[in-house]
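Coordinate analysis (summary)
Chain by chain, the residues:
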Amino acid sequence: MDARFEAWAERMGRTHAPMQLTSDRTADYHGHQRVIGLGDDVTVWPATFDHLVFRRTPKLVRQSDPETIHLSLLLKGEGAADWGREQAAYRINDFHTNSSSRSWDIATGPDPVTLVGLEIPRSLVVVPGHRADRFIGGRVSGREGIGALLAQFLLRLVADTAPYQPSDAPRLGTVVVDLVTAVFAQAVDADLRRLPETHGRTLTLRAKSYIRRHLSDPDLTPAGVAAAHHVSRSYLYRLFQAEGLTVASYIRDQRLEKARRDLADPGLHAVPIHAVAARWGFPRAAEFTRAFRTAYGLPPSELREQALTEAWRGGVDASPSSRGPYANDTAGTSPAP
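Anyway, here's the lowdown on the structure attached to this text. Here the structure is a predicted model, which means the values were calculated and not measured.

What follows covers unusual backbone geometry. In this structure, asparagine 93 is a non-glycine residue whose phi angle is positive, near 70°. By the secondary structure assignment, asparagine 93 is in the loop between strand E8 (87-89) and strand E9 (94-99). A relative accessible area of 35% places asparagine 93 in the partly exposed class.

Here you go:
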């Protein structure tokens with residue numbers, strides 16, 4: 001890898017938060033960045049750089065989270081972001097929001113990108129009820145309204161910092177924080193005025209996220225999901241029915257997919273199938289086998305054998321894994337379903 005790209009990757013990691021960076025231009029990478037500190041950990045950084053893929057994984061978030069909000073004002077080029085269940089294409093002269101507390105993938109286009117990045121501690125953006133977090137990933141026009149004021153201020157600042165003294169930095173930082181807070185507050189107000197079905201969609205996404213986080217709980221039920229979100233079961237059922245789903249089927253399908261993934265992992269072949277099933281909320285092996293066969297057309301043991309055969313043919317290491325919740329499981333303690 002080109003030494004310049006390594007240096008650029010390290011610099012970008014310090015600017016926002018630790019990331020995995022890749023590019024199809026690593027052999028001859030070009031990038032330029034200025035970092036302008038404005039006190040209270042507020043930084044503005046104009047930059048131009050070649051194609052780049054930024055990846056902030058859940059593991060990196062757990063390891064290091066400076067709890068900052070990021071805004072990018074795209075001036076030239078193109079890009080797109082992926083937060084798992086949400087995607088967004090970047091548009092020129094718009095602000096695009098992000099957070100060091102979330103995992104994401106961002107890829108720029110083939111041509112060089114020019115932008116003005118802004119990093120602000122999350123604690124400084126004071127919007128009641130943590131509603132600012134709901135707007136992370138959203139887009140703000142830099143051509144009108146408060147977004148235009150913020151864009152003009154930042155562009156004037158980065159164009160020439162010579163007139164400012166070091167003592168001006170905290171005051172300029174205060175202006176930036178106030179403008180960003182106003183941008184987020186305006187976005188939150190707009191969100192609260194949206195149609196009820198939009199809020200219903202948001203609640204559906206939150207319920208699905210809650211389900212995915214609690215799949216290993218054998219007591220996870222539609223009633224529990226409804227109670228966790230302070231809605232009635234009938235209302236939750238209607239939200240899922242609008243997408244052609246039932247709450248129970250969504251829980252079952254997500255559990256089956258997690259189990260299928262583990263059974264297809266050669267590194268977990270020594271873990272009993274009943275342990276995999278129990279890990280994902282199926283305490284009864286026979287029930288798991290029936291549901292698995294219905295969903296995938298073959299029993300779990302056969303899928304595991306197929307995965308092992310493919311791994312051996314491909315030279316993949318299938319030695320027992322000590323990862324995660326299976327670390328204390330012992331192979332062969334119970335017959336596989």
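That was the structure; now back to the text.
Right, let's talk about the pattern of salt bridges for a bit. Going through the model one piece at a time under the given rule, you end up with 13 salt bridges. Among the ionic pairs, arginine 91 bridges to aspartate 94, the shortest N-O distance being 3.0 Å. Here arginine 252 makes a salt bridge to aspartate 253, at a shortest N to O gap of 3.3 Å. Take aspartate 253: its relative accessible area is 37%, and that puts it in the partly exposed class. Each of the salt bridges in this network shares a partner with another, and the network as a whole consists of Arg91, Asp94, Arg139 and Arg143.

What follows is about the environment of leucine 263. The residue leucine 263 is located in helix H9 (residues 247-263) in this model. When its relative accessible area of 1% is taken as the criterion, leucine 263 is described as buried. Spatially, the C-alpha atom of leucine 263 lies 7.2 Å from that of proline 300, the residues being 37 residues apart in sequence. If sequence neighbours within four positions are ignored, leucine 263 has contacts with Ile273, Val276, Phe288, Phe292, Pro300, Leu303, Arg304 and Ala307.

Another aspect to go through is the nonpolar core. Formed by 29 residues in total, the largest nonpolar core has its most connected members in Val44, Leu118, Val180 and Phe184. Counting only elements with at least two residues in this core, the list comes to strand E6 (68-76), strand E11 (113-121), helix H4 (145-159) and helix H5 (169-192). Looking at this core element by element, the count peaks at eight residues for H5. Counting residues in each nonpolar core, the second largest holds 28 residues, with Ala207, Tyr210, Ala226 and Leu256 among its members.

Here we come to the packing of H9 against helix H11 (residues 285-296). Interaxial distance between H9 and H11 falls to 11 Å at its minimum, and their mutual angle equals 90°. Taken together, the axis directions place H9 and H11 in an arrangement best described as roughly perpendicular. Between H9, through Leu256, Glu257, Ala259, Arg260 and Leu263, and H11, the contact on the second element is made entirely by Phe288, Ala291, Phe292, Ala295 and Tyr296. Considering only residue class, the contact of H9 with H11 consists of eight nonpolar, no polar and two charged.

Parameters at a glance
- Residues numbered from 1 in each chain as written.
- Predicted model: local features only at pLDDT ≥ 70, side-chain atom pairs only at ≥ 80, totals over all residues.
- Heavy atoms only, no water.
- Helix = DSSP H or I, 4+ residues; strand = E, 2+ residues; numbered from the N terminus.
- Buried < 20%, exposed > 50% of the residue type's maximum accessible area, 1.4 Å probe, protein only.
- Salt bridge = Lys/Arg side-chain N within 4 Å of Asp/Glu carboxyl O.
- Contact = heavy atoms within 4.5 Å.
- Core = buried A, V, L, I, M, F, W, Y, C linked by side-chain atoms within 4.5 Å.
- Axes fitted to C-alpha atoms, helices over the stretch in contact; angles between N-to-C directions.
- Parallel < 35°, antiparallel > 145°, perpendicular 65-115°, else oblique.
- Nonpolar A, V, L, I, M, F, W, Y, C, P; charged D, E, K, R; others polar.

Fair warning: the whole summary comes from geometry, so function is off the table for now.
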